[in-house]
Amino acid sequence: MKVKLLPSINRGEPVSVSEETVALSVDFCKLYPDIIVGIDFSGNPNKGNFEEFMPALTLARKHGLMLAIHCAEIPNRSEIKQMLMFGMSRCGHGTYLTSADYAYMKQHNIAVECCLTSNIKSGTVESLQYHHIKRLIEAEVPRVLCTDDSGVFDTTLSNEFYLATEAFGLTQTQCIDLTMEAIDHAFASCEEKQNLKIQLDAFISQMTVKDNRVHKTKRYIEKKTCE
Ligand SMILES: CNc1ncnc2c1ncn2[C@@H]1O[C@H](COP(=O)(O)O)[C@@H](O)[C@H]1O
């Protein structure tokens, strides 16, 4: 298994710390381009002013680092607009995105990282049944299931799949599709993604699949080629 890192900017800390994080990330990315692949912008959404972190994030992007930005975790409309205009590859949470924002995420292929336990424990989503993953799936917005932080929120990715399945009756095929989608949106090379999909497909082939759409994944792998 390959592990990659996204050094994190905590918006609750001073901007000078984020500048240091980006400077170190840029240096390490040159030494270990397969390992340091992006920057995560997260922390308490009530703290810090996104605009002040934009120069550091712009520098990171200029050096080829991908951006995962926690956005719309709380209903802060002006910040949401600012973040979407700034751009990102992955959007953490996306709880308060509007349907117009959904169209933007689809158009720009930005995946929303859905973190069910985190959102409930942080109080940004009232209860599982109201979680926005349901709306994201219905609107066909790119989305991935995540833990946010398995240590802090005392959960695992498997548990998040279990919760999503219990709350929204996801089928086995939908769970497989969600996993395939996570590979699509990983900060990895096309070859790495293809290999992951082949491994996943081999695993799925051994499973007792309860509906007949499973072979779709195989065709999907065969269809895509790396440029
Ligand atoms: C056995 N564990 C795992 N296997 C495969 N993919 C995993 C994973 N744990 C996490 N991810 C993938 O990493 C991204 C960030 O997730 P966290 O917010 O950090 O949990 C997500 O896209 C998730 O699908």
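On a predicted model such as this, the values are computed, not experimentally measured, just so you know.

**Here's the deal with the overall build of the chain**
Broken down by element type, the chain carries 11 helices and 6 strands. Relative to the 2.2 N^0.38 estimate, which gives 17 Å for 227 residues, the radius of gyration of the chain is 18 Å and therefore close to what a compact globule would have. A principal-axis box enclosing the C-alpha atoms of the chain has dimensions of 55 × 45 × 35 Å. A buried classification covers 43% of the 227 residues belonging to the chain. Taking contacts inside the chain between residues at least 6 apart in sequence as the whole, the part at least 24 apart equals 60%. By element, 55% of the accessible surface of the chain is carried by carbon and sulfur atoms, the whole surface being about 12,400 Å². Computed over 24 positive and 29 negative side-chain charges, the inter-centroid distance for the chain is 6 Å.

**Examining the environment of Val 37**
With respect to the helices and strands, Val 37 occurs in the loop between helix 1 (15-31) and strand 2 (38-42). For Val 37, the residues in contact, after removing those within four places along its chain, are Lys 4, Leu 5, Leu 6, Gly 64, Leu 65, Met 66 and Phe 187.

**Here we look at the nonpolar core**
Among the nonpolar cores identified, the biggest contains 42 residues, and Leu 57, Ile 69, Cys 71 and Leu 97 are the most heavily contacted of them. Among the elements that line this core, the one with the most residues is helix 2 (residues 50-62), at 5 residues. Excluding residues that lie within four positions of it along the chain, Ile 69 makes contacts with Phe 41, Phe 50, Leu 57, Met 83, Phe 86, Gly 87, Met 88, Arg 90, Cys 91 and Gly 92. With 5 residues, the next largest nonpolar core counts Ile 176, Met 180, Leu 200 and Ile 204 among its residues.

**Some details on the UniProt feature "domain: Adenosine deaminase" (unreviewed entry) in the chain**
With numbering aligned to this structure, UniProt lists the feature "domain: Adenosine deaminase" (unreviewed entry) at residues 2-200. Helix makes up 51% of residues 2-200 and strand 13%, whereas the separation of the span's terminal C-alpha atoms amounts to 14 Å.

**What about the sheet that holds strand 6 (residues 143-145)?**
Across the sheet, 6 strands lie side by side as 1-2-3-4-5-6; this open sheet has parallel pairing. Every other strand in the sheet has two partners, leaving strand 1 (8-10) and strand 6 as the edge strands with one partner each. Adjacent strand axes in the sheet meet at a mean angle of 25 degrees, parallel and antiparallel pairs treated alike. Bridge count between strand 4 (residues 90-93) and strand 5 (residues 111-114): 3 bridges; the pairing is parallel. Across the sheet, residue Gly 92 finds its bridge partner in strand 5, namely Glu 113.

**A few points about the site of the ligand**
Taken together, Arg 90, Leu 145, Cys 146, Thr 147, Asp 148, Leu 157 and Ala 182 are the residues near the ligand. Here an oxygen atom of the ligand sits 3.4 Å away from a polar atom, N or O, in the main chain of Leu 145. Here an oxygen atom of the ligand sits 2.7 Å away from a polar atom, N or O, in the side chain of Thr 147.

**A word on helix 9 (residues 172-184)**
Taking 1.5 Å of rise per residue, the 13 residues of helix 9 would be expected to cover 18 Å, and the 19 Å separating its terminal C-alpha atoms lies within 8% of that figure. Of the residues making up helix 9, those classed as buried are Thr 173, Cys 175, Ile 176, Leu 178, Met 180, Glu 181 and Ile 183.

**Focus: the pattern of salt bridges**
Note on pairing: side chains with opposite charge can pair once their charged atoms come close. Throughout the structure, instances matching the rule amount to 8 salt bridges. Glu 79 is paired through a salt bridge with Arg 11; the nearest N and O atoms lie 2.6 Å apart. Of this pair, Glu 79 sits in helix 3 (residues 77-86) while Arg 11 sits in the loop between strand 1 and helix 1; the two residues are 68 residues apart in sequence, bridging distant segments of the chain. Overall, the relative accessible area of 9% leaves Glu 79 in the buried class. Using a relative accessible area of 4% as the deciding quantity, one classes Arg 11 as buried. For the salt bridge of Lys 134 with Glu 138, the shortest nitrogen-to-oxygen distance reads 3.1 Å. Here Glu 138 and Lys 134 lie together in helix 6 (residues 133-138), a separation of 4 residues that amounts to about one turn.

**Some points on the pairing of strand 4**
Bridge analysis of strand 3 (residues 66-71) against strand 4 gives 4 bridges, and the strand direction is parallel. Bridge pairing in strand 4 links Ile 69 to Cys 91. Between strand 3 and its parallel partner strand 4, the chain crosses via helix 3, and the hand of that crossover is right-handed. Between the parallel elements strand 4 and strand 5, the chain passes through helix 4 (residues 99-107) in a crossover that is right-handed.

Rules used throughout
Residues numbered from 1 in each chain as written. Predicted model: local features only at pLDDT ≥ 70, side-chain atom pairs only at ≥ 80, totals over all residues. Heavy atoms only, no water. Helix = DSSP H or I, 4+ residues; strand = E, 2+ residues; numbered from the N terminus. Rg over C-alpha atoms; globule rule 2.2 N^0.38 Å. Buried < 20%, exposed > 50% of the residue type's maximum accessible area, 1.4 Å probe, protein only. Contact = heavy atoms within 4.5 Å. Areas by Shrake-Rupley, 256 points an atom, 1.4 Å probe, with all protein chains shown as cover. Lys, Arg positive; Asp, Glu negative; His and termini not counted. Charge placed at Lys NZ, Arg CZ, Asp CG, Glu CD. Core = buried A, V, L, I, M, F, W, Y, C linked by side-chain atoms within 4.5 Å. UniProt positions renumbered as here; feature names shortened; annotations may be inferred. Pairing = 2+ DSSP bridges. Axes fitted to C-alpha atoms, helices over the stretch in contact; angles between N-to-C directions. Near = heavy atom within 4 Å. Polar contact = N/O pair within 3.5 Å; in protein donor to acceptor, adjacent residues only side chain to side chain. Expected span 1.5 Å × (residues − 1). Salt bridge = Lys/Arg side-chain N within 4 Å of Asp/Glu carboxyl O. Right-handed = clockwise from strand over helix to strand, strands pointing away.

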